[in-house]
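Summary of structural features
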Amino acid sequence: MLKKRFAQHLLIGSGILQKIVEFAEIKPEEVVVEIGPGTGNLTKYLLKTNLKKLYLIEIDPEMIEYLKKIIRDERVVFINADATKFDFFSLKENNLKLIGNLPYNVASLIIENTVIHKDLIPYAFYMVQKEVAERLINEKSWLSIFVKTFYEVEYLMSIPARFFIPPPKVVSAFIKLTRKNLIDIYDLKEYKNFLTKIFAQKRKMLKHKINEIYLKEVGISGEKRVEELELKDFLSLYLSFQKLK
Ligand code: SAH
């Protein structure tokens, strides 16, 4: 029985599953984490590669029980947990490749949790709602800036609803996150607070949200509104805030 509350929409079609795994370019000795394996459709294709280890993080205990019955592979570790809150450091691995046909109701939270663990995660490949992918890539929001500060986001392909059981009401998109080189931000909680604060009440001028000292330091006019800022402006503004606070 598929559960609506866990947004269970299983991917079907060997062509698509194969393509997803190809995009992920899994190399021997790589440690992979699949988020929301469900009944294991994608898992089976991942196990055809020569990955070293595969962690499966699934919230539904019944799915975990089922997976344990059908998958007999020494490389697999089953974890019954919530991926929006999961502590990836607890795995004691250095480099993780994340992949998943995400539960769409919590996809943004899973993406946020990925960024929080960025030091461990050079790449992530996610199936999300097409609209979520487009907003992440083209729109300015605290989350899109939070993600794009640390990752390049690429739109790999669209997937129509008929490739899922049951078909979702929306079109899906497969995206790739590639970590950027060293960024001098260490306190992600503070960075998130900073971004949510300047994105609150978008129409308000910046000078009414943050101290003008920080704006002056980086030469950004306080009369501007948040949507007029470029990615690099958020970064320099935050760094000046960090330095002068
Ligand atoms: N990957 C499978 C199933 C995708 S559906 C396939 O492609 O066929 C999304 C899956 O994520 C479901 O199995 C659902 O139980 C699981 N899930 C939902 N919320 C979750 C959460 N917070 N953490 C981990 N898994 C979750």
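None of the values given here were measured: they were computed from a predicted structure.

Procedures and definitions
- Residues numbered from 1 in each chain as written.
- Predicted model: local features only at pLDDT ≥ 70, side-chain atom pairs only at ≥ 80, totals over all residues.
- Heavy atoms only, no water.
- UniProt positions renumbered as here; feature names shortened; annotations may be inferred.
- Helix = DSSP H or I, 4+ residues; strand = E, 2+ residues; numbered from the N terminus.
- Buried < 20%, exposed > 50% of the residue type's maximum accessible area, 1.4 Å probe, protein only.
- Polar contact = N/O pair within 3.5 Å; in protein donor to acceptor, adjacent residues only side chain to side chain.
- Contact = heavy atoms within 4.5 Å.
- Core = buried A, V, L, I, M, F, W, Y, C linked by side-chain atoms within 4.5 Å.
- Domains from an automatic or database assignment.

Brief notes about the UniProt feature "domain: Ribosomal RNA adenine methylase transferase N-terminal" (unreviewed entry) in the protein chain
- Sequence positions flagged by UniProt for "domain: Ribosomal RNA adenine methylase transferase N-terminal" (unreviewed entry) are, in local numbering, residues 16-181.
- Annotated as 32% helix and 28% strand, the span residues 16-181 places its first and last C-alpha atoms 31 Å apart.

Some thoughts on the side chain of Gln8
- You can see Gln8 is positioned in the segment before strand E1 (10-11).
- Judged by relative accessible area, Gln8 falls into the buried class, the value being 9%.
- A polar side-chain atom of Gln8 sits 2.6 Å from the main-chain amide nitrogen of Lys3.
- For Gln8, the residues in contact, after removing those within four places along its chain, are Met1, Leu2, Lys3, Glu58, Asp60, Met63, Ile165 and Pro166.

Some details on the nonpolar core
- Grouped together as the largest cluster of nonpolar side chains are 55 residues, with contacts concentrated most on Phe88, Tyr126 and Tyr191.
- Top contributing element to this core by residue count: helix H7 (residues 188-199), with 6 residues.
- If you count residues domain by domain, this core takes at least three from each of domain 1 (4-179) and domain 2 (188-244).
- What Phe88 contacts, discounting residues up to four positions off in sequence, is Val33, Ile35, Ile57, Leu96, Leu98, Asn113, His117 and Leu120.
- Counting 27 residues, the second largest nonpolar core, distinct from the first, contains Ile16, Leu46, Leu54 and Ile71.

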